[in-house]
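In case you want the letters, here they are:
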Amino acid sequence: MTHSTSQLFALVDVNNFYVSCERVFNPKLQNRAVVVLSNNDGCAVARSNEVKALGVKMGTPWFQMQDLARKHKIIALSSNYTLYGDMSNRVMTILRDYSPHVEVYSIDESFVSLNGMRGMWDSHSVMGQDIRQRVLQWTGLPVCVGIAPSKTLSKLANHLAKKKPEFNGVCDLTALCESETRTYFSSLDVGEVWGIGRRISERLRNMGIDTVQALRDTSPKDLRQHFGVVMERTVNELNGVSCLSLDEVSPAKKQIISSRSFGTLVTTYKELREAVSTYMLTAAEKLRQQDSICSAVHVFIHTNRFREQDAQYSNGMTVPLTEATNDTRRLIAAALYGLKRIYQPGYLYKKAGVMLLDLTPASVRQASLFRGFDDRSDKVMQVMDSLNESNGRNTIYLASAGIQHKWAALFESKTPCYTTRWEDVPKAR
DNA sequence: TCTGGGGTCCTAGGACCC
DNA sequence: TCTGGGGTCCTAGGACCC
């Protein structure tokens, strides 16, 4: 890269994260074709390299790949989010040993700032290899590292580190000369660029811009006319001008969603009420965890759009709260108020969900005009949360959430919580 | 039979105001 | 013939991400 800059980022990303987590605890999965399925065992959300090589795309419904699965002995596992979350924390902790400035971007990847670290290592690649080796040794997970002067470029470098064997898992774009970079970028589809999705890459291709290099060679100002500021920033980033900074502290969520597809189709109001109440337990807990209150609740339900023979219905309702709260009981009451108004009998419902909107910090809550602060509410919620934390989920909940949950999603091939439940910790023999 | 879930940001357009 | 125009706020929807 010819562009000089004071910024330097490493993007560290776990390969095939969910599958790799499963392999750590079940070595028989090594070198086998493995997928991890989404909720309800619906779609493949993680694929081993063997499965990717078969051409299976991200999000392919499991039932659609049955033939392929039989033929190639693909192993399908239900997702085990508790395990993945714990493994993720372990990786991120290791990364913080390398740099004080880490942005955890998603469950399986982090941006690490390398600013001011020149001289601490023989080269950035040496450091990258050290990261790979240590993460593998301490967690059993394989990672790749991409190093570049902007976030967007570090994502591409990471992509090259994964795809091109000559990099051996670490690609430092600053170590390449311009002509090498051009060659690599000319071989990459424009859709590989972070922020260029399906729609935009289609439009770009129609304009004759079909590789990363072609996009990089286009004037950012011109592209802004067609695509807006985000595109302009992306092209600048591709040219080594860092426009996106490291966000080390994750800001509080602006909305919280909890929704699930049902394991079976649901018709009655009673079952929907149970589901909506159950989802709200989760959402409200998250709300309190980030110390926020919310002043509006959205509830939605819909039928299965893939079953074209069925009558379709989809509706949602936003219910404003007279007073911002994080009390599960009030939030459930609001959601059920909305549900009662949108529920129509006679449909086969597939999914329901709740959203908490207009979130604000609990610390700036205004006293209710009529009742003052509701200390009792806070205390009840604290007791509920601490019981559920120490004694396991759903130790205590509200009656409207019901008990049977015949509608609950299926997880037929879920692996044990190896790292977070004592009963599930692997035993050495 | 069987098709995920949880987020963010930006923009266009309508409502409303002066 | 031809009936203002500009600013702000809000929301819905699009597009993207993992």
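For the structure, see preceding data.
Below, the structure is looked at part by part. Every chain's residues receive numbers from 1 upward, in the order its sequence appears when written. Ligands are numbered from 1 and chains lettered from A, in the order in which they are written. A pLDDT threshold of at least 70 governs which residues receive local features in this predicted model, and a stricter bar of 80 or more applies before side-chain atom pairs are shown or counted, although totals over entire chains, interfaces and linings include all residues. As a rule here, side-chain values cover all heavy atoms of the structure and leave hydrogens and water aside.

**Details of the nonpolar core**
Buried together is how nonpolar side chains tend to be arranged in soluble globular proteins.
Okay, so step 1: We define the nonpolar core as a collection of buried residues of types Ala, Val, Leu, Ile, Met, Phe, Trp, Tyr and Cys that are connected through side-chain atoms lying within 4.5 Å of one another. When accessible area is computed with a 1.4 Å probe and restricted to protein chains, residues below 20% of their type maximum are described as buried, those above 50% as exposed, and intermediate ones as partly exposed. Among the nonpolar cores identified, the biggest contains 37 residues, and Phe262, Leu272, Met280, Val297, Leu331, Leu339 and Leu356 are the most heavily contacted of them.
Okay, so step 2: Note on conventions: DSSP H or I runs of at least 4 residues are helices, E runs of at least 2 residues are strands, and numbering of each starts at the N terminus. Among the elements of the structure, strand S9 (256–266), helix H12 (269–289), strand S10 (292–303), strand S11 (314–325), helix H13 (328–342), strand S12 (349–361) and helix H14 (375–391) are those that each provide at least two residues to this core.
Okay, so step 3: Here this core takes ten residues from H12, the largest share from any one element.
Okay, so step 4: Contacts between residues were defined by any pair of non-hydrogen atoms, one from each residue, lying within 4.5 Å. The contacts of Leu339, once residues within four sequence positions are left out, are Tyr269, Leu272, Arg273, Val276, Val299 and Ile301.
Okay, so step 5: With 34 residues, the next largest nonpolar core counts Phe17, Met92, Val112 and Val143 among its residues.

**Quick notes on the sheet that holds S9**
Okay, so step 1: Here, strands pair whenever DSSP counts at least two bridges between them. What the four strands build is an open sheet, ordered S9-S12-S10-S11; its pairing is antiparallel. Edge positions in the sheet fall to S9 and S11, since each has one partner strand and no second. Adjacent strand axes in the sheet meet at a mean angle of 15°, parallel and antiparallel pairs treated alike.
Okay, so step 2: Where S10 meets S11, eight bridges bridge the pair, whose relative direction is antiparallel. The residue of S11 that forms the bridge with His302 is Ser314.
Okay, so step 3: Convention adopted: a line fitted to C-alpha atoms gives each axis, helices being fitted over their contacting stretch, and angles between N-to-C directions are expressed from 0 to 180 degrees. Strands S10, S11 and S12 of the sheet are contacted by H13, whose axis makes an angle of about 150° with S11.

**As for empty space enclosed by the protein**
Okay, so step 1: A pocket here means an open set of points on a 1 Å grid, computed over the protein atoms alone, that has protein on both sides within 12 Å along at least five of seven lines. A cavity is instead a set of points where a 1.4 Å probe fits but cannot get out; residues with an atom within 4 Å of a point line either one. Grid points are joined across faces, edges and corners, and a volume is the space filled by probe spheres set on the points. Enumeration over the complete set of coordinates arrives at two cavities of 30 Å³ or more.
Okay, so step 2: Size it by volume and the second largest cavity reaches roughly 50 Å³.
Okay, so step 3: Together, Leu281, Thr282, Glu285, Met384, Asn388, Arg393, Asn394, Ile396 and Tyr397 line the second largest cavity.
Okay, so step 4: Mapped onto the lining of the second largest cavity, the elements with two or more residues apiece are H12 and H14.

**What about the pairing of S12?**
Within a regular beta strand, the side chains point alternately toward one face of the sheet and then the other, so they alternate between its two faces.
Okay, so step 1: Across seven bridges, the pairing between S9 and S12 is antiparallel. For Ser259, the partnering residue across the bridge sits in S12 and is Gly353.
Okay, so step 2: Strand direction decides the pairing type here: S10 and S12, joined by eleven bridges, are antiparallel. Looking at the pairing, His298 lines up with Met355 of S12.

**Details of the layout of surface pockets**
Okay, so step 1: In this structure, the second largest pocket spans a volume of roughly 1500 Å³.
Okay, so step 2: Residue lining of the second largest pocket: 44 residues in total, with Asn16, Arg47, Lys52, Lys162 and Lys163 positioned closest to the centre.
Okay, so step 3: Counting residues per element, the ones that place at least two in the lining of the second largest pocket are strand S1 (9–14), helix H1 (17–25), strand S3 (44–47), helix H2 (49–53), helix H5 (124–139), helix H6 (151–163) and helix H8 (198–206).
Okay, so step 4: The residue inventory of the lining of the second largest pocket, partitioned by class, reads 17 nonpolar, twelve polar and 15 charged. Under the convention adopted here, Pro, Cys and the residues Ala, Val, Leu, Ile, Met, Phe, Trp and Tyr are nonpolar, Asp, Glu, Lys and Arg are charged, and Gly plus all remaining residues are polar.

**Comments concerning the packing of H6 against helix H11 (residues 229–238)**
Okay, so step 1: Relative orientation of the contacting elements H6 and H11 amounts to 65°, with a least axis distance of 7 Å. The crossing of H6 and H11 is right-handed. On the side of H6, the interface is formed by Lys151, Thr152, Leu153 and Leu156, while H11 contributes Thr234, Glu237 and Leu238.
Okay, so step 2: Its residues assigned to classes, the contact of H6 with H11 shows three nonpolar, two polar and two charged. Left-handed describes a crossing whose near helix is turned anticlockwise from the far helix by less than a right angle; the clockwise case is right-handed.

**A look at a nonpolar patch on the surface**
Okay, so step 1: On the surface, Val383, Leu387 and Ile396 cluster together into a nonpolar patch covering about 200 Å² of accessible area.
Okay, so step 2: Looking at the secondary structure, you find Leu387 in helix H14. The patch calculation keeps residues exceeding 30% relative accessible area without a salt bridge and links them within 9 Å when they carry like charges or within 5 Å when they are nonpolar (Val, Leu, Ile, Met, Phe, Trp, Tyr). Each accessible area is a Shrake-Rupley estimate made with a 1.4 Å probe; only the visible protein chains count as cover when residues are assessed. One side-chain nitrogen of Lys or Arg within 4 Å of one carboxyl oxygen of Asp or Glu is enough to make a salt bridge.

**A closer look at the pattern of salt bridges**
Okay, so step 1: Applying the stated criterion to the full structure yields 18 salt bridges.
Okay, so step 2: The salt bridge involving Arg205 is made with Asp189; its shortest N-O contact spans 3.1 Å. With Arg205 in helix H8 and Asp189 in the loop between helix H7 (178–186) and H8, the pair connects residues that are 16 residues apart, well separated along the chain.
Okay, so step 3: A salt bridge links Asp385 to Arg288, with the nearest nitrogen and oxygen atoms 2.7 Å apart. Highlighted residues: Asp385 in helix H14 and Arg288 in helix H12, separated in sequence by 97 residues.

**Comments concerning H6**
Since one α-helical turn is 3.6 residues long, residues separated by three or four positions face the same way.
Okay, so step 1: Helices are assigned an expected span. That span is 1.5 Å times one less than the residue count. Compared with an ideal rise of 1.5 Å per residue, which puts 13 residues at 18 Å, H6 spans 19 Å between its outermost C-alpha atoms and is within 8% of the ideal.
Okay, so step 2: Counting buried residues in H6 gives eleven out of 13 residues, a clear majority hidden from the surface.
Okay, so step 3: Inspection of H6 places Lys151, Thr152, Leu153, Ser154, Lys155, Leu156, Ala157, Asn158, His159, Leu160 and Ala161 among the buried residues, and these make up the whole buried set.

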